[in-house]
Each structure stands twice: as C-alpha cells, then as structure tokens.
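As a plain string of letters, each chain reads:
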Amino acid sequence: MMQVGRTAWKTVEWVLLAAVGLVFLFPFLWMFLTAFKTMPEVYQFPPTWWPESWQFENFRIAWSSGPFVTYVMNSILVAGGILILQFLIAVPAAYAFARYRFPGRNLLFGLSLIALMIPSQVIFLPVYVEMSHWGLVNTLWSLILPFGASAFGIFLLRQSFMQVPDEVIEAARLDSASEWKIMWTIMVPMAKPVLVTFGLFSFIYHWNDYFWPLIMTNSDSVRTLPIGISMLKAAEGGKQWNVIMAGNLILVLPILVVFFIAQRHIISAFVYQSK
Amino acid sequence: MLACVLSVTAVLAGCGGSKEAAGTNNQSGGSAAPQGQTASAGKPVEIDFWYALGGKNGEYIEKMVKDFNASHKDIVVKPAYQGSYYENHSKVLASVSAGNQPDVTMVEVGSIGAFADAKVLEDLGPYANGAEKKYIPGLLGNSYWKDKLYAIPFNRSTPLLYLNRDMLKAAGLDPNGPKTWDELRQFSEALTKKEGDKTATYGFSTAIDIWFYEALVFQSGGKILTDDNKELAINSEAGKAPLEFWTGMLKEGVMKAPPGEKYNAWDVAKQDFLNQQVGMIFTSTGDLRSLKENAKFDLGTAFLPANKNFGAPTGGANLVMLAKSSDEEKKASWEFMQWMTDTKQTIPFSLESGYMPVTTEAVESEDMKKAYEKEPNFQVAVKQLQYASPRPMVPGYKELQEVIMTEIQRAVLGQASVDEAIQKATEKGQKLLKK
C-alpha cells in the first residue's frame, strides 16, 4: 500500500516537473526554431513549429553583420576578467568577515550589503565620470573594474565559510599553516560548490549585460556580443526576427555549454547549503 | 526599464548644473586656440557622430558617413552606434557630464526640448543663416525650442493608415480607405468577420500608443499642451474624443487592441495585419518597406482619417550639435549635418529606409517623383505633412507621456471611464509640468 502511494506520488511529481520544465524550455525552443525559418514563415499564422526549409543563411547574416570574432573575444575577456577579479577580492573579504573579529566589522559588512541593493543603472553616471577621469572609457577595463568587488559573492562565500567547523581551522593552525594557506587550500576547496554557483551567476550576468558595455564603449573593437546582436534590430520598421534569433543563439550557446559543465556542482551547492 | 527612465531624468536634472560650469570654461579657453589651428595645421578635424538606428538603416548610415569622409579631406567623422534613441540619450547626457561627448548625435524629436533646456545643444541659427528653409516646414516643428533652432530633421516618420486593399475590395469598400473617423468605423464593421462567438478577422487594430493618441487629438482640433507649454490641454472634448472613439469600437468588437507593452503591441498589430487577421492598422511610415516586402496582398497606405480635420504628429529623430564641442569641431559638425540631410543624400536614404525625405527640393525632384510613381504609397506620408503638427517637447514630456499612456490604457481596458482616465492623467501630468 505504502509502495503504491509512493509510486503514484512520484508520477505526479514527474508530471509536474515536466510541465514546469516545458514552460521554461518553450522560449528556448521557439528561439531555436525561429532562427532557422524564413521571414515570411516567421509571420505565418497559425505559426509553424518545424521550419519548412532550414535557413542556415540566417546565422551567416547575423555573424557577418559585424566583427563577431572581436565581440566574442571581448565578451570572454570581460566576463572572465570580472570573474577572476571577483574571486580574488571576495575570497579574502569573505574569509575576514567570517573568521575575524575586528572593529567595524559589522558596519563594513553592512555597507557591502547595501551595495547589493543598488542597481548599476542608478549609479552609472558617477562611475562613468570616474572612468572618464581615469581615461578608461571605451576600454575593456571600464567594463571589468566597476564589477571587481561583488557584494553578492562576499555574502555568499561568507555564509559558506562560516559553516566550516572551527576544529578544521584550529587543526591547520596547529600545523602552523599560514592564514593565506588556510584560506586557499582549506576554505576554498570546501566551498567549491558555492564558488562554482556564484561564478556561474556572475558569468551569465556579465556575459548578457547590455546596459553597461553600451554606456562605456563607443567602438566595435571593445564591444561585447549583446551590443553586436542589438545592432540587428531596427528602431522602427520591421525586425528580422529570424536573424535576431540566430544572433541570440550565438549569444546563449557558450552559456549553455558552461552551464552543462558546471551543473553537477550547482546541485551540490544547494545540497550543501541545506544540510 | 523603470530604472533606466529614472536615471535619464536624474541625469537631465544633474546636467543642467554641471554643464554650465564646464561650458564657460570651454568657451574662454576654446575660442582663441582652435581658430588659429584651422588655418595653419593641415590635419583633418575629427568629429564623433552617435547614431541610434540598428539593422539595415544603421548599415546605411555607416555607408553615408563613409561617403562623406571620402569626399571631405579636412573632416573625419567617426560614427558609433549607441543603441535605441533612449539608450543613446542617456549615454549622451552621461558623456556630457564627463566631458567626452560626441559632436553630432541623433535625438528623438520629442526630446529636443529637454536637451536644449539642459543646455546640451548648440544653437544652430548662426550656422544655418537661413539655410534651414530648405527643409520641409512640416518637419521643422520639432527643431525649435524657445525660438532658437537646435535640430535638423534627419530620419523622420509619421503615422499612416495601412490598408489590406484585397480585403477592402472583397467587402465592397473603397480601396483608397476611409477618410473620416465615421468611415473608419463603418469600414471596420464591414471587415470584421465572426465565426460563432469568436472574431476571425477584425476591421482595425492599433497599438494604444501616445503617438496615435496625439494624432487623434490633433484630428479632433485639440492639443496635448497649451501654447505656453504650461498646462495639459487634454481635459477637453478633443482630448476625450480619441478614447471614446477607441473604446466605442472595442465595445462593438470591430477593433482589436493588441496585447503587449510599447513596441511589442506595435509588433503584434503588424503581425496580425500581415496575417490578414486585421484589415487596417495605424503604424509608422518607417514600416512601409518591410510590410511591403512581407505582405502577400495588395498593401495600401492612406492619411490617418479625419475627425474635425486631418492631423498627425511626426516622429523619428533629428540631428543636433553639442554645445561643448570646440569651435573647430562645430564648424565641421555643421558641414556634416548639412551634408547628411541634403537633397542628394536624403533621397536615397528615404528610398532605402522608408523614412521621409527632409528637403522640399527632394520631394519635388525627378528621382523622387519617379519613385513615387512606381510606389505611390511612399508619397502618402509626405502629402500628409501639410496637416502635421510637432510633438509636444517640454523637458518633462518623456515622463508625461508615460502618465498619459497609463491612463489611456486603463480606459481602453475598461478599468476606468473616459472621463476618469482623462481627469487622472491631467492631475498627475499637471504635477509633472509644475516641477
């Protein structure tokens, strides 16, 4: 009896999961299929699912509409650079907040939490002026530096560093390990799932970021993928939806790859957290 | 999105102050040096041009700039795409406060007043010296702010009534389309087809957008703002007429209000029109080329129908020069702006993009006449210009139009009566104008 109930429940669970999954998958699927359609087919009603004839041409048009190799390289440099900088700053900061008592600790931590609550659009002007004073506008640095310190990263890592038992650190100190060594060889590996999850969030956010690169850069040589793709759109007049979708597919493909590589860790990050 | 709008306002307010201080510096230091340089040094002047059109139109602008550079040895224009009109606006304002602004840029017509008021723009009067008379008068309405010339028409549009002539003919209607609101309603009734309880085709559809509301108010002999720009003028018969017209047709089930926010609703309307589920729509002349390419029926355009009279706003963007540039850059900028909007350039740009030609000479030219003969739809927009009024352009109009639009949409959705909506919009809008 128990067994039957459990199987029934499992089935319900699976059906629900599949339904929710489909809801999230649908836009992806639509983007994917639209990217291969001809323009008249995009407008067709009732809409078709499967493209009548597969237009690989759309990808060529999207790709040749600008220096896409440069865009891709810049996107990698920017999203990657931010990630490295964020780790270099967030790990020691989170370690200090989690493991040290020093005057003003709570105040400082509070301040960094406030940074979490201010959207970048609100403070773009002062940061822009600052970057301009340093002569960094229209360089990749202006896309990387303002995001170097991530309040979210510090917060997330502090939580997970706090979960490491005191005994582990004390044992290391007894073995006369330096603080530096404790941080990088004991704390960081223990927080690996959290680091991966945070890294993924950060990477996806900055990979997709449109507003900041648009504001900070003027020339194609330092622009990122989202800007390149937005140039496919016309302000007024008809949009080439098929080409735009092909461009978007180029944009999200690396993210999907990164996501699939990292997904095992993401799941364990949540298991780890809820332990 | 909201954050973006807010930040733009904040920047506008902030710029007025910081700019003035920086501007005076520039003038005292700038006037002596650059003038000497122009004569002696043979180095070309570099100017930055920021534009806000993507897609094929953006590519065409790049090509125009290339042609300009090839034909002008003493000037090098560096074009840069900066996103949509509004993204470009926030960027221009940020760059002005940082001191690395472009020399020429595109500004959406309704925002000219806000930019001029923030003292970001250069007065073009002394440069033009009467040369502005070559532009079509109907397009110059949004070029002046407080009697000074600040902007030159560039990529300009106007709303049109688009028709599915095949559907009109099949229903025994005049394929030239309705001329008045009453006729639009009769046409819509005739074109609406029901299948059981469901409507298979609607006669008419339009995005409930401020641009079309402006058009309908003008057609009713009204205005959005009073002449001194200090009061909202929509709490009047002319201000209510568009809403009564729309809600009436919606109630009768002969008009469809496309779902979606802002330009999404426009896209739905266009899609329904192309799929022949809607017989007539309002949309921009800038859509003509692509609709024509994708329509599988005889597509026609007509004036927006009249209530008391014909009427339409214009839209699109103008070219402006920035006040902070040096004298030398300004001279080069004027040369460039004039060239970009000259008859020789505006004809192919218009034919390529669907935007209107901006000089009178262009409209009367042989090339344009030939093109119009081949494709009469292109001429409708230019003809309608004689009834065109400028868009309101007080500094706060961007926020004001959001307020009006929200209330209009409430009326259309049946959440408020026409009177309530207009009353609310006036109250809220008045507060914004007082600021």
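Residues numbered from 1 in each chain as written. Chains lettered and ligands numbered in written order. Predicted model: local features only at pLDDT ≥ 70, side-chain atom pairs only at ≥ 80, totals over all residues. Heavy atoms only, no water.

Peer 1: I'm lost on the packing of aromatic side chains in this one. Help?
Peer 2: The description of two aromatic rings rests on the distance between their centres and on the angle between their planes. Taken as a whole and assessed by the stated rule, the structure comprises 44 aromatic pairs over all chains. Ring geometry for A:Phe124 and A:Phe211: centres 5.4 Å apart, planes at 90°, overall edge-to-face. With A:Phe124 in helix α6 (residues 124-133) and A:Phe211 in helix α12 (residues 211-216), this residue pair connects regions lying 87 residues apart in the sequence. Of the two residues examined, A:Phe124 and A:Phe211, each falls in the buried class. Here B:Phe204 and B:Phe282 contribute two aromatic rings whose centre-to-centre distance is 4.9 Å and whose plane-to-plane angle is 70°, an arrangement assigned as edge-to-face. (Phe/Tyr/Trp six-rings, centres within 6.5 Å; stacked < 30°, edge-to-face > 60°. Helix = DSSP H or I, 4+ residues; strand = E, 2+ residues; numbered from the N terminus. Buried < 20%, exposed > 50% of the residue type's maximum accessible area, 1.4 Å probe, protein only.)

Peer 1: Can you help me understand the packing of helix α3 (residues 55-71) of chain B against helix α15 (residues 343-353) of chain B in this one?
Peer 2: Residues and elements named next belong to chain B. Across the interface, α3 lies against α15 with an axial gap of 10 Å and an inter-helix angle of 160°. By the angle class used here, α3 and α15 are roughly antiparallel. Note on packing geometry: the crossing formed by α3 with α15 is right-handed. In contact with Asn57, Tyr60, Ile61 and Met64 of α3, α15 contributes Gln345, Pro348, Phe349, Glu352 and Ser353. The residue makeup of the contact of α3 with α15, split by class, is five nonpolar, three polar and one charged. (Axes fitted to C-alpha atoms, helices over the stretch in contact; angles between N-to-C directions. Parallel < 35°, antiparallel > 145°, perpendicular 65-115°, else oblique. Left-handed = near helix turned anticlockwise from the far one by under 90°. Contact = heavy atoms within 4.5 Å. Nonpolar A, V, L, I, M, F, W, Y, C, P; charged D, E, K, R; others polar.)

Peer 1: Any chance you could explain the interface of chain A and chain B here in plain terms?
Peer 2: It is common to report an interface's size as the accessible area lost on association of the parts. On the side of chain B, 38 residues touch chain A, which itself brings 33 residues to the contact. Counting the surface lost from both chain A and chain B, the interface buries some 2,900 Å², and carbon and sulfur atoms represent 55% of this. Inspection of the chain A/chain B interface yields zero salt bridges. At the level of elements, α2 (39-43), α6, α12 and α13 (225-230) of chain A are the ones that each hand at least two residues to the side of chain A that touches chain B. If you tally residues by element for the side of chain A that touches chain B, the top one is α6(A), at five residues. Looking at the side of chain A that touches chain B, its residues break down into 21 nonpolar, eight polar and four charged. (Buried area = accessible area lost by both parts, 1.4 Å probe. Salt bridge = Lys/Arg side-chain N within 4 Å of Asp/Glu carboxyl O.)

Peer 1: Whenever I open this one, the pairing of strand β3 (residues 104-108) of chain B confuses me. Can you help?
Peer 2: Each regular strand carries side chains that alternate between the two faces of the sheet. Residue and element names in this part refer to chain B. Burial runs high along β3: five of the five residues are buried. The side-chain alternation of β3 yields two buried faces, one formed by Val104, Met106 and Glu108 and the other by Thr105 and Val107. Sheet topology note: the strand β1 (residues 45-51)/β3 ladder contains two bridges and is parallel. Paired with Phe49 across the two strands is Val104, which belongs to β3. (Pairing = 2+ DSSP bridges.)

Peer 1: I'm lost on the nonpolar core in this one. Help?
Peer 2: The nonpolar side chains of a soluble globular protein tend to be buried with one another. Residue and element names in this part refer to chain B. Counting 70 residues, the largest nonpolar core has Tyr213, Ile224 and Trp246 as its most contacted members. Filtering out sequence-adjacent residues up to four positions away, Ile224 remains in contact with Tyr213, Glu214, Val217, Phe218, Glu231, Leu232, Ala233, Ile234, Pro392, Tyr397 and Ile404. Counting 66 residues, the second-largest nonpolar core is a separate cluster that includes Val104, Leu140, Ile281 and Val382. (Core = buried A, V, L, I, M, F, W, Y, C linked by side-chain atoms within 4.5 Å.)

Peer 1: Help me understand the UniProt feature "transmembrane region" (unreviewed entry) in chain A, please; the structure alone is not making it clear to me.
Peer 2: The residues that UniProt annotates with the feature "transmembrane region" (unreviewed entry) are residues 12-33, 68-95, 107-128, 140-161, 182-207 and 241-262 of chain A. As annotated, residues 12-33 of chain A comprises 100% helix and 0% strand, and the C-alpha atoms at either end are separated by 30 Å. (UniProt positions renumbered as here; feature names shortened; annotations may be inferred.)

Peer 1: Got a minute to help me understand the environment of A:Val164 in this structure?
Peer 2: Residues and elements named next belong to chain A. Position of Val164 among the secondary structure elements: in the loop between α8 (151-162) and α9 (166-174). Residue classification places Val164 among the buried positions, given a relative accessible area of 3%. For the pair formed by Val164 and Val243, sequence separation is 79 residues and the distance between their alpha carbons is 50 Å. Each residue touching Val164, except ones within four places of it in the same chain, is listed here: Arg99, Met187 and Met190.

Peer 1: Would you take a moment to explain the pairing of strand β9 (residues 198-205) of chain B for this structure?
Peer 2: Residues and elements named next belong to chain B. One ladder, built from three bridges, connects strand β8 (residues 193-195) with β9; its direction is antiparallel. For Glu195, the partnering residue across the bridge sits in β9 and is Lys198. As paired elements, β9 and strand β10 (residues 255-256) share two bridges and run parallel to each other. Looking across to β10, one finds that Ser205 is bridged to Lys256.

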